[in-house]
Amino acid sequence: MRILVYGAGVLGGNLANNLFRAKKDVTLLARGKWAETIQQNGLVVKNKFSPMAMVSHLPVITELKPEDTYDVIFVVVRYTQLDGMLDSLRVNGSKTIVLVGNNVRAREYAGLLPGKNVLFAFGMSAGHREADRIVGIDMKKITIGQLRDAPSNEGLIHQIFDGTGYKVVYEPNMEDYLLCHAAFVLPAALACYHADGDLRRLKRDRAYLNLLIDVNIEGYRAIEKGGHAILPESDQSYESASYRRLCYAFYRLMCATPLGRICVSDHAMNAVDEMSALNRDLKAFFEELGAPYESWKQVEKTAAKYLE
C-alpha cells in the first residue's frame, strides 16, 4: 500500500515518521527549505520527554503530480490551507483522501472532491517545528472515519495502521465529531489569546474558567439543535454538574502545567489564522441555526486583537 503524507508539520511529520518506522511504504510531501533539510538530514522527530531524537530517511517530494497515484493520501495541513490543496487533489489519480485536522465544514469539503473516497481524521500530537527538527509530544492516537452516510472504511483503516502501535478510534460520523471537537477546543484557543499565550495567568480565575465551560456548552447546544450528535458519547451529558467539574479540572490542568503550553498555547499562538477561521465558520454555523452564543461573544471579545 502506497501512502502519501501531504504536509510536514508537527502532525504530518509524526504521522509519516510512525508509518515509516512500521515499515509502511510512505512518502512525505514537504516544501521549500524544510523539504531540503529533510532530504539532506532525514526527518528528525524529538519527543519532549525523551533524551533521544528519531531520524527517518523516508522519500520526500515537493509537489503532487496528477500521475503520482497513491492508495491513500493523508492531507495534514491547517484548516486555512485546505482550499489551496483541492485542485491538485481533484486531478490526481488517487482515490482515497484523508483530511487530517480541525474542520467544521467536513461535508462541504467531501463534496468538493467528487469521485474520491474522502475520510477525516484528528491525530493526537502537539509541539512545534524548529529549523532542523520537530519537537513535541506524540500520543500515537488517531480518530478517523468518514461521513455518517458514506460507506464504511473500517477495514481500510485497520490495514493502514496495522503494526504501527497507534491507538485507532474508528468514528463513522466524523462530521459531528469534528464540529464537537471545535466547540471544545476553540474556547481554549480564545483563552490563550485573552492571556497573550501565558495560560498561567488564568489558573486561579475561577469565573473566567467557568465562562469557558459556558462557551463549550453553548456550542454543544447549537450542534444538537442542528441535528448533529454530540461526540464522543462521553460528552453527551454536557448539561450535568459532573461534566462541568470535569471541564473545570481540564482547564485548570491546561493553565497550571507545561502540558497546557505544549498541547494548547503553542499551537494556538502559532496558528492564529487557523483558529480565527474556525471561530468565524463555527459562528456562521450558529447564526444559520439561530442558536444563541452570548457567552461565546463575551469570551471572543477578550481575544479580539488576535482574531480576524
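So, here's what we can say about the structure. Since the model is a prediction, treat every value here as computed from it, not as a measurement.

With that out of the way, let us pick up the pairing of strand β1 (residues 2-6). Counting buried residues along β1, 4 of its 5 residues qualify, which places the element largely inside the surrounding structure. As paired elements, β1 and strand β2 (residues 25-29) share 5 bridges and run parallel to each other. Bridge pairing in β2 places isoleucine 3 opposite valine 26. After leaving β1, the chain enters helix α1 (residues 10-21) and then returns to the sheet as β2, a path that is right-handed. With 4 bridges connecting them, β1 and strand β6 (residues 72-75) associate as parallel partners.

Our next topic: the pattern of salt bridges. Counted according to the given criterion, the structure contains 17 salt bridges. Of the charged contacts in the structure, one is a salt bridge between aspartate 132 and arginine 133, with a shortest N-O distance of 3.4 Å. The partly exposed category is assigned to aspartate 132, whose relative accessible area is 35%. Judged by its relative accessible area of 27%, arginine 133 is partly exposed.

Our focus in this paragraph is the nonpolar core. Counting residues in each nonpolar core, the largest one holds 76 residues, and the members touching the most others are Ile73, Val75, Phe120, Tyr193, Tyr220 and Leu282. Of all the elements, helix α6 (residues 174-194) adds the most residues to this core, at 15 residues. Contact partners of valine 75, with chain neighbours within four places excluded, come to Tyr6, Leu82, Met85, Leu89, Ile97, Val98, Leu99 and Val100. Formed by 31 residues, the second largest nonpolar core is a distinct cluster that contains Leu58, Val72, Ile160 and Tyr166.

For helix α9 (residues 258-270), with 13 residues, the first-to-last C-alpha span of 17 Å sits near the 18 Å given by 1.5 Å per residue. The largest bend along α9 measures about 35 degrees and falls at valine 264. Burial in α9 covers these residues: Gly260, Ile262, Val264, Ser265, Asp266 and Ala268. The inward-facing, buried residues of α9 abut β8 (117-129), β9 (134-145), α6, α8 (241-256) and α10 (272-289).

Those residues of helix α11 (residues 294-302) lying buried are Ser295, Trp296, Val299 and Glu300. Take α11 and look down its axis: the buried residues cluster within an arc of 135 degrees, on one side only. In this structure, α11 carries Glu294 and Lys301 as exposed residues pointing more than 90 degrees from its buried face. Next to the buried residues of α11 lie α6, α7 (206-225) and α10.

Rules used in this analysis
Residues numbered from 1 in each chain as written. Predicted model: local features only at pLDDT ≥ 70, side-chain atom pairs only at ≥ 80, totals over all residues. Heavy atoms only, no water. Buried < 20%, exposed > 50% of the residue type's maximum accessible area, 1.4 Å probe, protein only. Helix = DSSP H or I, 4+ residues; strand = E, 2+ residues; numbered from the N terminus. Pairing = 2+ DSSP bridges. Right-handed = clockwise from strand over helix to strand, strands pointing away. Salt bridge = Lys/Arg side-chain N within 4 Å of Asp/Glu carboxyl O. Core = buried A, V, L, I, M, F, W, Y, C linked by side-chain atoms within 4.5 Å. Contact = heavy atoms within 4.5 Å. Expected span 1.5 Å × (residues − 1). Bend = angle between axes of the 7 residues up to and from the residue. Arc of directions from axis to C-beta.

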